[in-house]
Amino acid sequence: MPKNILITGYPGAGKTTLINKLVKQLSCTIDGFYTHEMKKHGRRIGFYITDFDGNQMVMASEKSASQYRVNKYGVNIDAFEKVGIPAMERALQSADLVVIDEIGRMEMFSTKFCEKLRKVFDADKPLLATIKKIDCALTKELKEREDVQIFEVTKQNRNVIIDEVKRALKEIL
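Small disclaimer: the values here were computed from a predicted structure and weren't measured. (Residues numbered from 1 in each chain as written. Predicted model: local features only at pLDDT ≥ 70, side-chain atom pairs only at ≥ 80, totals over all residues. Heavy atoms only, no water.)

Student: Provide a residue-level description of the overall build of the protein, including the pertinent values.
Tutor: When helices and strands are counted, the protein shows five helices and nine strands. For 173 residues, the compact-globule estimate of 2.2 N^0.38 gives 16 Å, and the C-alpha radius of gyration of the protein, at 15 Å, lies within 12% of that figure. When its C-alpha atoms are laid out on the principal axes, the protein stretches across 45 × 35 × 30 Å. In the protein, 65% of the contacts between residues at least 6 apart in sequence involve partners at least 24 apart. As displayed, the protein offers around 8900 Å² of accessible surface, 47% of which is attributable to carbon and sulfur atoms. (Helix = DSSP H or I, 4+ residues; strand = E, 2+ residues; numbered from the N terminus. Rg over C-alpha atoms; globule rule 2.2 N^0.38 Å. Contact = heavy atoms within 4.5 Å. Areas by Shrake-Rupley, 256 points an atom, 1.4 Å probe, with all protein chains shown as cover.)

Student: Can you break down the packing of aromatic side chains residue by residue, with the values?
Tutor: Scanning the model with the defined rule gives five aromatic pairs in all. When the centroid spacing of 5.3 Å and the interplanar angle of 70 degrees are considered together, the rings of Phe47 and Tyr73 count as edge-to-face. Taken together, the positions of Phe47 in strand S3 (residues 43–51) and Tyr73 in strand S6 (residues 73–75) put the pair 26 residues apart, joining distant regions of the chain. Judged by centre distance (5.7 Å) and plane angle (55 degrees), the rings of Phe80 and Phe113 are tilted. Residue Phe80 is located in helix H2 (residues 77–94), and its partner Phe113 is located in helix H3 (residues 111–122); the two are separated by 33 residues in the primary sequence. Pairwise contacts between aromatic rings join Phe33, Phe80 and Phe113 into one cluster. (Phe/Tyr/Trp six-rings, centres within 6.5 Å; stacked < 30°, edge-to-face > 60°.)

By themselves, these are just geometric observations and shouldn't be taken as functional.
So, in structure tokens, the structure goes:
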């Protein structure tokens, strides 16, 4: 039985919104992290990574001079290693469910993050994560695991798929 549930879909489909709704509806101990947009005057200028304890760092920014780039954003690898990895470690130690939002291009720049991610997938703890739709080597590997169940969010199904994912989570929790 799959114990790793992955939510995939194209940007803007509603993956993070779905995760946020699920987290509010579940009655178990949750730890991990989520990502969200940085906005200025209504325009996206970057992204934050925030753990469930409230620790937050800028994950990517238009103004970043980082050599690691995704489109117009410079990626801050320290954010994954100082917020993301500790959140995953805490979740493995004391949570009923590990939540990772998201597994995408920016996160792939951190070798340490990718190593910890594999350990989370291999652990006995259930995982709920968002993952990019278009694969790189690591996301393809993770999606093809036998202990993974994948749900694709689209603009058409994003308001109804929550019940399917909730049922799957209840089976593994």
